[in-house]
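# Fold and geometry: a report
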Amino acid sequence: MALTPTAPLRKRATTAAFHLSAGSLAALWLFPIALVLVTSFRTFDDIAANGLGSWPRSFSLDNYGQAWVDGGQQQALINSLIVSVPCVLVVLALAAMAAFALSRYELPFRRTMLLLMLGGNLLPPQILLIPVSKLSEMMGIYDKLIALIGVQIGFGVGFYVFVLYGFMRAIPVEIQQAAVVDGAGPWQIFWRIILPLAKPALAALSALSFTWIFNDLLWAITVLRSDSKMPITAALIGLQGQYVSMWNVIAAGSVIAAAPTVAVFLRFQRHFVAGLNLGAVK
Amino acid sequence: MAVLTAPQRKTPAQPPLSGRRGRGPRRNPPLLFAFVLVPMLAEAMWVFWPALQGFYLSLTRWDGVTDPQFVGLDNFREMAGDEVFRSATGHTVLWLVLFGGLSALLGLATALLLQQERRGIGFYRAALFMPVVFSLVATALVWQAIYQPDGVLNQLLESVGLGSLRHAWLADQDTALYAVIVPALWRQIGYVMVLYLAGLKGIDPALYEAAKVDGASAWQRFRHVTLPQLRGVNAVVVSVIIIDSLRSFDVVWALTRGGPYHSSELLSTYMYSTAFQSLRLGYGSALAVVIFLLAFGVICSYLIRAFREAD
């Protein structure tokens, strides 16, 4: 092939065709993101006069201030972080513990327990909404962020246990036996051997679970009521009601709401993609 | 999921766990039971117990204030005559077929396109799965701006001479549901693509070499090598899509709340508004049970596969 003179030409043509198709696909995908970014910097008058779809004729940062302060996005972002960060830490700690015990020891009924936990996560959340909101009322934590943290942990844990179980099971048993010979107990084996080895899976699941919990809407509007407690997703819907057709402010709000997860994605892209593969069930 | 990534992670030489019997520690220290029981309790409290209650509540009439009143299967009987329920079920099925089918097809197509290792491939892939990290609410608002009467879509139609197609996309009963599916797809395709990319990577290149030697065309190689090799991924993708479709809520809620006139109502949004806006908690629970029943087969087959994997 390489000997014929047309080969490099044909190769260049396929390369060009590839970049053309992949490039236009990427452009199509990035266009809505670019649009919202541009809109978030336009003034209301510009949009009102020229329409949302027109070329921008103004530049202003005020929209962000308006969404941030008057629109309550600052509080909402804080709420979201108060929920997401502890949730990720606790749910992964709990899941790692359970996965360790189930995957490394011959506990009775370990497979039943594993599948029971996974099954709980597969349930459609709709069946849980009403009882969960009543449960949090009964416990006196309705409309408190702790209720949202609780339900996020309870609903998510089964899935993370399942993924970590698969990962930890693949760690060779000899590593653990060496530690047992040296007199290490289960806690030391867990803390000093298995957990460090499970780091890649934990990193992937952290990136993924952060975006899931941060982006959740359904659980938040089920156990929370007051606007001041709402996380960023619910606040964004509120913003839409408050600033009807003020697309500049709504766009700025969307950018604020998406920024943390995009930052996590760009920083931990590799882990994130690994997590998507681990996390094919969501 | 473990089922999916098995080709990369599983070491075939590893004996299955049951093969270790007798070699592992004899007695199980109590700490291990705590390790399992604490997470189990968390899930039992927030999932298992509420789920049981949910099933019971579906047999009651309840306004959330007075005590629930047991009415047997009345709620389900009521559904038979409920127009909104019927159209919401239809929309859910349509959603499953369109959203599910298209995200699987286009996810596979983009994965095939972007599987080749070329310069700039990382950028293209990142562009396609960037939306996966957005909340569906933010996604919905972005697209709402596109669908506005003075938005980009209408302006675009105008500029290519199709001004007559201008539309209030989300406010028209005939287009609302489809207008909602597009943003959901925009976000889902990148996700499905990632799953297929991993699956394609797991295929042994020797198979393609052999097929080439045998004179198979590109289509034949796809049909007889790629597709059969992707069977495992397909099963995962289908489960994910069905479960996701039945759970779909955020994007519809943020865009249309199921309106106008229930034209974009899904079972999930109907369930939510029945329960928390109309405060018909018993009927809402019954709707949730229907959603559960629709998902039941997928959940079971998923668990059966997981069961085989887990051993």
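Values in this document were obtained by computation on a predicted structure and should not be read as measured data. (Residues numbered from 1 in each chain as written. Chains lettered and ligands numbered in written order. Predicted model: local features only at pLDDT ≥ 70, side-chain atom pairs only at ≥ 80, totals over all residues. Heavy atoms only, no water.)

## Here we look at the overall build of chain A
Each helix and strand in chain A was counted, giving 14 helices and zero strands. Written out in order from the N terminus, the α and β elements of chain A read α-α-α-α-α-α-α-α-α-α-α-α-α-α. Whereas a compact globule of 282 residues would reach a radius of gyration of roughly 19 Å, chain A reaches 24 Å, over 25% beyond that. The C-alpha extent of chain A, read off along each of the three principal axes, is 75 × 75 × 30 Å. The 282 residues of chain A split such that 59% are buried. Pairs at least 24 apart in sequence give 76% of the contacts found in chain A among residues at least 6 apart. Working note: accessible area of chain A is about 11400 Å², and carbon and sulfur atoms make up 69% of it. Taken together, the 18 basic and 11 acidic charged side chains of chain A have centroids lying 14 Å from each other. (Helix = DSSP H or I, 4+ residues; strand = E, 2+ residues; numbered from the N terminus. Rg over C-alpha atoms; globule rule 2.2 N^0.38 Å. Buried < 20%, exposed > 50% of the residue type's maximum accessible area, 1.4 Å probe, protein only. Contact = heavy atoms within 4.5 Å. Areas by Shrake-Rupley, 256 points an atom, 1.4 Å probe, with all protein chains shown as cover. Lys, Arg positive; Asp, Glu negative; His and termini not counted. Charge placed at Lys NZ, Arg CZ, Asp CG, Glu CD.)

## Here we look at the interface of chain B and chain A
With 107 residues of chain B at the contact, the number on the chain A side is 110 residues. In total, chain B and chain A occlude about 9900 Å² of area from one another, counting both sides; carbon and sulfur atoms represent 74% of this. On the chain B side of the contact with chain A, F35, W46 and R247 of chain B bury the most area, a combined 9% of that side's loss. Connecting chain B to chain A are zero salt bridges. Where chain B touches chain A, the interface holds 14 residue pairs in polar contact (both at pLDDT 80 or more). Per element, the largest residue contribution to the side of chain B that touches chain A is 20 residues, and it comes from helix α2 (residues 30–57) of chain B. Within the side of chain B that touches chain A, the residues separate by chemical class into 75 nonpolar, 17 polar and 15 charged. (Buried area = accessible area lost by both parts, 1.4 Å probe. Salt bridge = Lys/Arg side-chain N within 4 Å of Asp/Glu carboxyl O. Polar contact = N/O pair within 3.5 Å; in protein donor to acceptor, adjacent residues only side chain to side chain. Nonpolar A, V, L, I, M, F, W, Y, C, P; charged D, E, K, R; others polar.)

## With respect to the side chain of T222 of chain A
Tracing the chain through its elements places T222 of chain A in helix α11 (residues 218–223). What makes T222 of chain A buried here is its relative accessible area of 0%. In contact with T222 of chain A, other than residues within four places in its own chain, are L129, S133 and Y142 of chain A together with Y272 and F276 of chain B.

## Some thoughts on helix α12 (residues 232–242) of chain A
Counting buried positions over the eleven residues of α12 of chain A gives eight, a clear majority of the element. Among the residues of α12 of chain A, I232, T233, A234, A235, L236, I237, L239 and Q240 of chain A are the ones counted as buried.

## Looking at unusual backbone geometry
With phi around 65°, D143 of chain A is a residue other than glycine that occupies positive phi space. Along the chain, D143 of chain A falls in the loop between α6 (126–138) and α7 (145–169). Note on D143 of chain A: relative accessible area 15%, which makes it buried. At R257 of chain B, a residue that is not glycine, the phi angle is positive and equals roughly 55°. Here R257 of chain B lies in the loop between α12 (250–255) and α13 (267–276). Given the relative accessible area of 42%, R257 of chain B is considered partly exposed.

Note that all results are geometric; they support no functional claim without further evidence.
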